[in-house]
Amino acid sequence: MLGQSLTGAAGLLRGLKLINTPGLRRFVIIPVSINILVFALSIWVLVQQFTPLVEKWIAYLPEWLAWLEWLFWLIFALAAILLVFYTFALLANLIAAPFNGLLAEAGE
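Residues numbered from 1 in each chain as written. Predicted model: local features only at pLDDT ≥ 70, side-chain atom pairs only at ≥ 80, totals over all residues. Heavy atoms only, no water.

1. Let's talk about the confidence of the model for the protein
Then, in step 1: Taken residue by residue, the protein gives an average pLDDT of 82. The fraction at 70 or more is 92%.
Then, in step 2: Mean pLDDT across the elements of the protein ranges from a minimum in helix 1 (residues 2-19), with 74, to a maximum in helix 2 (residues 22-60), with 85. (pLDDT = per-residue confidence, 0-100. Helix = DSSP H or I, 4+ residues; strand = E, 2+ residues; numbered from the N terminus.)

2. A closer look at the layout of surface pockets
Then, in step 1: Considered as a void within the structure, the largest pocket measures approximately 160 Å³ in volume.
Then, in step 2: When residues of the lining of the largest pocket are traced back to their parent elements, those giving at least two are helix 2 and helix 3 (68-107).
Then, in step 3: Among the elements that line the lining of the largest pocket, the one with the most residues is helix 3, at six residues.
Then, in step 4: Its residues assigned to classes, the lining of the largest pocket shows nine nonpolar, one polar and no charged. (1 Å grid on protein atoms, 1.4 Å probe; cavity = no way out; pocket = protein on both sides within 12 Å on 5 of 7 lines; lining within 4 Å. Points joined across faces, edges and corners; volume = space filled by probe spheres on them. Nonpolar A, V, L, I, M, F, W, Y, C, P; charged D, E, K, R; others polar.)

3. As for the environment of S33
Then, in step 1: You can see S33 is positioned in helix 2.
Then, in step 2: A residue is classified by how much of its surface remains accessible, and S33, at 40% relative accessible area, is partly exposed.
Then, in step 3: Spatially, the C-alpha atoms of S33 and W73 are 27 Å apart, while their sequence positions differ by 40 residues. (Buried < 20%, exposed > 50% of the residue type's maximum accessible area, 1.4 Å probe, protein only.)

4. Quick notes on a nonpolar patch on the surface
Then, in step 1: Taken together, W64, W67, W70, L74, L78 and I81 make up a surface patch of nonpolar side chains, about 740 Å² in accessible area.
Then, in step 2: Topologically, L78 is positioned in helix 3. (Patch = residues over 30% accessible without salt bridge, like charges linked within 9 Å, V, L, I, M, F, W, Y side chains within 5 Å. Areas by Shrake-Rupley, 256 points an atom, 1.4 Å probe, with all protein chains shown as cover. Salt bridge = Lys/Arg side-chain N within 4 Å of Asp/Glu carboxyl O.)

5. With respect to the environment of I19
Then, in step 1: Following the sequence through the fold, I19 ends up in helix 1.
Then, in step 2: Sequence separation between I19 and I29 is 10 residues, and the spatial gap between their C-alpha atoms is 8.9 Å.
Then, in step 3: Those residues within four positions of I19 in sequence are excluded, and the remaining contacts are R25 and V28. (Contact = heavy atoms within 4.5 Å.)

6. Remarks on the packing of aromatic side chains
Then, in step 1: Taken as a whole and judged by the stated rule, the model has seven aromatic pairs.
Then, in step 2: Here W73 and F76 contribute two aromatic rings whose centre-to-centre distance is 5.5 Å and whose plane-to-plane angle is 85 degrees, an arrangement assigned as edge-to-face. Linking W73 with F76, this pair stays in helix 3, spanning three residues, or about one helical turn.
Then, in step 3: For F76, a relative accessible area of 15% puts it in the buried group.
Then, in step 4: Connected via pairs of aromatic rings, a cluster forms that spans F50, W57, F72, W73 and F76. (Phe/Tyr/Trp six-rings, centres within 6.5 Å; stacked < 30°, edge-to-face > 60°.)

Structure below.
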């Protein structure tokens, strides 16, 4: 079992060395950059939409329940982290799909 884990880690290290190959770098950096930009923009928009919503909810609560604001933000942050965690690979594969053939060709 430990040997399989080490084999996987060795494959990851070999893959990271391949990224430094000049012909492959652009096929990796472009899709990852687009993906990061899409997620950063999405999270920014969500925060901009969530802020007035939290303020509206807090306005309806008595003053002694104002501490719930940080709880709302904590739940929002956890939900955003889970959303990013589960959808990052899916979106990365969709964005990278046009580059995969070129990446395979350059890797050969």
